[in-house]
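One-letter residues, chain by chain:
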Amino acid sequence: MKRLIALALSLSMAVSLTACGGGDDAAGGDSGSRSLTVSGQPYSHTLPAYIGLEEGQFEEVGLDVELIMFTGGNVQNEALGAGEWDVGCYGSPPSITGGIAYGAKVIGFGSPDTEAVTIWARSDSDIAQIQGQVAGYDEIYGNADTWRGKTILCPLGTSAHFTLVATLEKLGLTTEDVSIIDMGVAQAYTAFKAGEADIVCLWDPQGFDAENEDWVCISSGKATGEDQPTVIVASEEAIETKHDEILDFLDCYYQICEKYADDLDAYGQYMMDIGLDNGVEQTLEIATRCAEKRPLSTLDDEIEWFSGEKGTRYVDTTMENLMDFFVQTGSIEESDKQYLIENNFIDDTFIRELAERHGKTMN
């Protein structure tokens, strides 16, 4: 039934959606000769790829897209190393390690994680009793003394880990001052509910489930003031051998974002669908709240973020901030950061070509 509804929505909105892709492929083509394997997770950064398959936008431009799903960025990177996918959608922290280990290139941004990542303590925690002692960051609870020595459930190398480190930094602490147990968000939520650890790092939809518990949100991506984009990356091999396919995929991706950016009801429905299809149980209400916190990025957004002189663009400063996070935590060396910068880790080629394709100005 949901597929029939999606088809009806697609047909009713077809007039407003220009066919993505260029040249002869925009009218269709031999999809078997233009294949692309896309990896993702059942979240908003992957949703445009999911919708493109549901509604047929990729087929319209002659793209045979296979979408494979993962539970996190680290296993996604391992699959990249095995050559299992061409384009990937995930959080920005895993792209750093993917760039160093496997040559992944950031070719676009997805919906941000900034408001979606939350950190929780139980209401009887000494952290939850204190607010307003972190200068300039009133939404962070506790102080250095109350956080020091705490046991924290958090998936390492993710946006949740980045948020945790940013929070500790604002408190004047480092990861050496706490005990971190590496655990996926879904498992961490269950473990924390069962009484394990002192603090848990979550993202949607588990972050919304936490609101129904006797817990307090003691920090978040928004509370730290740090931007946390999600990214679209491509393998070096795919960039060399499937340039046109990647370009058309991105064209469809951002046109789908444009289509649903202001239609929160439809966006929320699809968020529920992608979750249910991939084992993430959530109601339509929760899925719509997830969508509301993760605005879809349009081509105009991408053009703004990728415009300017290299090294000073939003994409550069934001990703280098994440690189500094990895250097600080000892996950990478300063030389790794320089390697990424010098080897075109942020590849603006595709956004520039899309801007030209659509007659948009890009500096």
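Look up: the structure comes first, before these words.
Residues numbered from 1 in each chain as written. Predicted model: local features only at pLDDT ≥ 70, side-chain atom pairs only at ≥ 80, totals over all residues. Heavy atoms only, no water.

Caption draft 1: Focus on the overall build of the chain. Looking only at helices and strands, the chain features 18 helices and 10 strands. Taken over C-alpha atoms, the radius of gyration comes to 20 Å for the chain, in line with the 21 Å a tight globule of 363 residues would show. Here the C-alpha coordinates of the chain stretch approximately 65 × 50 × 35 Å along the principal axes. Long-range pairs, those at least 24 residues apart, make up 78% of the contacts in the chain between residues at least 6 apart in sequence. For the chain, the exposed surface amounts to about 14900 Å²; the carbon and sulfur share of it is 46%. Side chains of the chain give 21 positive and 64 negative charges; the mean places of these two sets differ by 2 Å. (Helix = DSSP H or I, 4+ residues; strand = E, 2+ residues; numbered from the N terminus. Rg over C-alpha atoms; globule rule 2.2 N^0.38 Å. Contact = heavy atoms within 4.5 Å. Areas by Shrake-Rupley, 256 points an atom, 1.4 Å probe, with all protein chains shown as cover. Lys, Arg positive; Asp, Glu negative; His and termini not counted. Charge placed at Lys NZ, Arg CZ, Asp CG, Glu CD.)

Caption draft 2: Up close: the environment of Asp348. As for its position among the elements, Asp348 is in the loop between helix H17 (334-342) and helix H18 (349-357). Note on Asp348: relative accessible area 10%, which makes it buried. With 241 residues separating them along the chain, Asp348 and Ile107 place their C-alpha atoms 6.1 Å apart. Non-local contacts of Asp348, meaning those with residues more than four positions away in its chain, are made with Phe306, Lys310 and Arg313. A polar contact is formed between the side chain of Asp348 and the side chain of Arg352, at a distance of 3.0 Å. (Buried < 20%, exposed > 50% of the residue type's maximum accessible area, 1.4 Å probe, protein only. Polar contact = N/O pair within 3.5 Å; in protein donor to acceptor, adjacent residues only side chain to side chain.)

Caption draft 3: Structural view of the sheet that holds strand S8 (residues 199-203). One open sheet holds the five strands; their spatial order is S7-S6-S8-S5-S9, and the pairing between them is mixed. Where the open sheet ends on each side, the last strands, each with one partner, are strand S7 (179-182) and strand S9 (215-220). Each adjacent strand pair in this sheet contributes to an overall mean axis angle of 30°, direction not counted. Here strand S6 (residues 151-154) runs beside S8; their pairing, made up of two bridges, is parallel. Directly across from Leu153, in S8, lies its bridge partner Val200. Where helix H7 (residues 159-170) meets the sheet, its contacts fall on strand S5 (117-122), S6, S7, S8 and S9, and the angle it forms with S5 comes to roughly 65°. (Pairing = 2+ DSSP bridges. Axes fitted to C-alpha atoms, helices over the stretch in contact; angles between N-to-C directions.)

Caption draft 4: Broad picture of the packing of aromatic side chains. Considering all chains together, one arrives at 15 aromatic pairs under this definition. Summarising the aromatic geometry, the rings of Phe249 and Tyr253 are spaced 6.0 Å apart at their centres and angled 50° between planes, so their arrangement reads as tilted. In this pair, Phe249 and Tyr253 are both assigned in helix H12 (residues 243-260), four residues apart and thus about one turn of the helix distant. Accessibility expressed as a relative area gives 1% for Tyr253, which makes it buried. Measuring from ring centre to ring centre gives 5.1 Å for Tyr253 and Tyr254, while their planes differ by 75°; the resulting arrangement is edge-to-face. Each member of the pair, Tyr253 as well as Tyr254, is classed as buried. In textbook terms, an aromatic cluster arises when at least three aromatic residues are bridged by ring pairs, as seen for Phe58, Phe249, Tyr253 and Tyr254. (Phe/Tyr/Trp six-rings, centres within 6.5 Å; stacked < 30°, edge-to-face > 60°.)

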